[in-house]
Amino acid sequence: MDDQKYLSQLNQVVAPPDFEQSVLTRLKRNREKRVKLRKLEFSLAGATTLIIIGLIIFSPSARKPSSLEESSLIEMAQEASQDQAIHLVEPLDLRQEMRRSNDEIQTVFILEQVSDNWVQQVRY
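Residues numbered from 1 in each chain as written. Predicted model: local features only at pLDDT ≥ 70, side-chain atom pairs only at ≥ 80, totals over all residues. Heavy atoms only, no water.

The next subject is the overall build of the protein chain. Looking only at helices and strands, the protein chain has 5 helices and 0 strands in total. Going through the 124 residues of the protein chain one by one, you find that 0% of them count as buried. About 13500 Å² of surface is accessible on the protein chain, with carbon and sulfur atoms providing 58% of the total. (Helix = DSSP H or I, 4+ residues; strand = E, 2+ residues; numbered from the N terminus. Buried < 20%, exposed > 50% of the residue type's maximum accessible area, 1.4 Å probe, protein only. Areas by Shrake-Rupley, 256 points an atom, 1.4 Å probe, with all protein chains shown as cover.)

Structure (structure tokens):
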């Protein structure tokens with residue numbers, strides 16, 4: 001089969017006027033939109049980063065202790081730099097410990113001898 005023979009018999013199709021120009025302008029507009037979106041994404045990411053860094057640097061908790069206990073711990077830590085021992089006392093909530101022990105399944109194993117003969121096959 002000769003493909004050229006059949007193709008030469010077909011009528012040529014003509015593109016509408018300004019078809020090529022309209023396609024190129026649409027491609028250019030789409031490319032510009034993508035560039036603008038990419039710039040917007042980078043600017044939003046940079047702004048978010050600056051806000052987070054500003055919050056970290058200028059937050060009140062980063063500048064000074066929030067309570068007297070923390071300030072006393074800081075003073076004790078400064079004294080400890082001189083090789084002194086720091087004694088910390090933590091409160092113990094026994095109610096929580098009792099609740100935890102009551103929630104656990106409690107199993108009692110009773111081990112007793114079931115025969116008077118010595119059984120050598122059983123290993124413990």
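Past the structure itself, the notes keep going.
Using the criterion set out here, one finds 0 aromatic pairs in the structure. Lysine 5 extends its terminal NZ or CZ atom over the ring of tyrosine 6, reaching a point 6.0 Å from the ring centre. (Phe/Tyr/Trp six-rings, centres within 6.5 Å; stacked < 30°, edge-to-face > 60°. Lys NZ or Arg CZ within 6 Å of the ring centre and 35° of its normal.)

It is worth spelling out a positive patch on the surface at this point. Residues Lys28, Arg31, Arg34 and Arg38 make up a contiguous surface patch of positive charge. Structurally, the position occupied by lysine 28 is in helix α2 (residues 19-58). (Patch = residues over 30% accessible without salt bridge, like charges linked within 9 Å, V, L, I, M, F, W, Y side chains within 5 Å. Salt bridge = Lys/Arg side-chain N within 4 Å of Asp/Glu carboxyl O. Lys, Arg positive; Asp, Glu negative; His and termini not counted. Charge placed at Lys NZ, Arg CZ, Asp CG, Glu CD.)

On the surface, Ile52, Ile53, Ile56, Ile57 and Phe58 cluster together into a nonpolar patch covering about 520 Å² of accessible area. Examined against the element boundaries, isoleucine 53 turns out to sit in helix α2. For isoleucine 53, a relative accessible area of 41% puts it in the partly exposed group.

Let us look at unusual backbone geometry. Here the phi dihedral of aspartate 18 falls at roughly 60°; this positive angle occurs in a residue that is not glycine. The class for aspartate 18 is exposed, based on a relative accessible area of 63%.

Turning to the environment of serine 43, a few remarks are in order. Of note, serine 43 is situated in helix α2. For serine 43, the side chain forms a polar contact with the main-chain oxygen of leucine 40, separated by 2.8 Å. (Polar contact = N/O pair within 3.5 Å; in protein donor to acceptor, adjacent residues only side chain to side chain.)

A few words now on the confidence of the model for the protein chain. Atom-level detail of predicted coordinates should not be read off regions where pLDDT is low. When the pLDDT values of the protein chain are averaged, the result is 76; 58% of them are 70 or greater. Predicted confidence in the protein chain is weakest over helix α3 (residues 60-63), with a mean pLDDT of 65, and strongest over α2, with 93. (pLDDT = per-residue confidence, 0-100.)

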